[in-house]
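The lines below spell out each chain.
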Amino acid sequence: MNNYRPCVGIMLINSQHKVLIGKRLDSKVNETFAWQMPQGGIDEGEDSEIAAFRELNEEIGTNNASIICEYKKWLKYDLPGELRKTLWQGKYIGQSQKWFAMKFLGEDSEININTQNPEFIAWKWVKPEDLLSVVVPFKLEIYNELVQKLFPEALKNF
């Protein structure tokens, strides 16, 4: 049995080469560490690219974006013990993520976090290097790898 939930992550990049992050609605940690890029589970039998566009729409109210590149490696993180017991009914110990860099094609006014099932209470564009100071500690290693490898690759093809 796979103990990691299959998931997609989206590094959404605007024309100023900033990355979209949202402040989690359900975060119980210090607000400094409550931000993340859009991400979410891949449904059974769903293609990861389709899941990425679906998740964008579900989390920020628009999927007006195009895929720049895909990070070839699946990245994993383990949830802290206290979250393992509550998230996903304890079925998973963490997530295995397929990441995409996407170019945002719309206007900021298209972004609406007040979706049917909201996940964020705020959103903003940040410089990629600033991601590392706002992400929850258990995702820091993944975000560091994305900033070091996925973002530069995306800029080459932007």
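Sequence order sets the numbering: in each chain, residues are counted from 1 along the sequence as written. Reporting of local features is limited, given that this is a predicted model, to residues whose pLDDT is at least 70; pairs of side-chain atoms are given and counted only at 80 or more, and all residues count toward the totals for whole chains, interfaces and linings. As a convention, hydrogens and water are excluded, and side-chain values are obtained from all of the structure's heavy atoms.

Engineer: Before we move on, can you summarise the packing of aromatic side chains with the specific residues and values?
Structural biologist: Think of it this way: a Phe, Tyr or Trp ring, Trp meaning its six-membered ring, pairs with another when their centres are within 6.5 Å, and the plane angle makes it stacked under 30 degrees, edge-to-face over 60, tilted otherwise. Under the definition given, this model contains 4 aromatic pairs. Between Tyr 77 and Phe 138, the aromatic rings sit 5.5 Å apart at their centres with planes inclined by 40 degrees, giving tilted as the arrangement. Of this pair, Tyr 77 sits in strand β6 (residues 75–78) while Phe 138 sits in the loop between β8 (120–126) and α3 (140–156), and the two are 61 residues apart along the sequence. Relative accessibility decides the category of a residue: with a 1.4 Å probe and only protein chains considered, values under 20% of the type maximum give buried, values over 50% give exposed, and everything between is partly exposed. Residue class for Tyr 77 comes out buried when judged on its relative accessible area of 5%. Between Phe 104 and Trp 125, the aromatic rings sit 5.7 Å apart at their centres with planes inclined by 45 degrees, giving tilted as the arrangement. Note that Phe 104 is positioned in strand β7 (residues 94–104) and Trp 125 in strand β8, a separation of 21 residues in sequence. For Phe 104, a relative accessible area of 7% corresponds to the buried category. Secondary structure is summarised from DSSP: a helix means a run of H or I of at least four residues, a strand means a run of E of at least two, and numbering begins at the N terminus for each.

Engineer: A description of unusual backbone geometry should follow, citing residues and the corresponding values.
Structural biologist: A positive phi angle, near 65 degrees, is found at His 17, a position not held by glycine. With respect to the helices and strands, the residue His 17 is situated in the loop between β1 (4–13) and β2 (19–24). Residue class for His 17 comes out partly exposed when judged on its relative accessible area of 32%.

Engineer: Before we move on, could you go through the pattern of salt bridges and cite the residues and values that matter?
Structural biologist: Note on pairing: side chains with opposite charge can pair once their charged atoms come close. Here a salt bridge means any side-chain nitrogen of Lys or Arg lying within 4 Å of a carboxyl oxygen belonging to Asp or Glu. Counted under the stated rule, the structure contains 8 salt bridges. One salt bridge in this structure joins Arg 54 and Asp 43, with 3.7 Å as the shortest N-O distance. With Arg 54 in helix α1 (residues 48–60) and Asp 43 in the loop between β4 (39–41) and α1, this residue pair connects regions lying 11 residues apart in the sequence. Residue Asp 43 is classed as partly exposed on the basis of its relative accessible area, which comes to 43%. Across the salt bridge formed by Glu 145 and Lys 73, the nearest N and O atoms sit 2.9 Å from each other. With Glu 145 in helix α3 and Lys 73 in the loop between β5 (65–70) and β6, this residue pair connects regions lying 72 residues apart in the sequence. Relative accessible area serves as the criterion here: at 16%, Glu 145 is assigned to the buried category.

Engineer: Quick one: what's the story with the state of the cysteines, residue by residue and with numbers?
Structural biologist: Cysteine sulfurs are considered disulfide-paired once they come within 2.5 Å of each other. Applying the stated criterion across every chain yields a total of 0 disulfides. Cysteine Cys 7 shares no disulfide, and the gap to the nearest cysteine sulfur, in Cys 69, comes to 17 Å. Classification of Cys 7 as buried rests on a relative accessible area of 0%.

Engineer: Summarise α1; cite the residues concerned and give the values.
Structural biologist: Any helix carries an expected span of 1.5 Å times its number of residues minus one. Taking 1.5 Å as the rise per residue, α1 with 13 residues should run 18 Å; its terminal C-alpha atoms sit 18 Å apart, in good agreement. The set of residues buried in α1 consists of Ser 48, Ala 51, Ala 52, Arg 54, Glu 55, Leu 56, Glu 59 and Ile 60. Residues of α1 that are buried in the fold lie against β1, β2, β4, β5, β7 and β8. Capping the start of α1 is the job of one residue whose side-chain oxygen sits 2.9 Å from the backbone nitrogen of Glu 49: Asp 47. At the C-terminal side of α1, Gly 61 shows a positive phi close to 75 degrees. Contacts: residue pairs with any heavy atoms within 4.5 Å of one another. Polar contacts here mean pairs of N or O atoms no more than 3.5 Å apart (in protein, one a potential hydrogen donor and the other a potential acceptor; neighbouring residues in sequence count only if both atoms are side-chain atoms).

Spatial relationships are all this shows, so hold off on functional conclusions.
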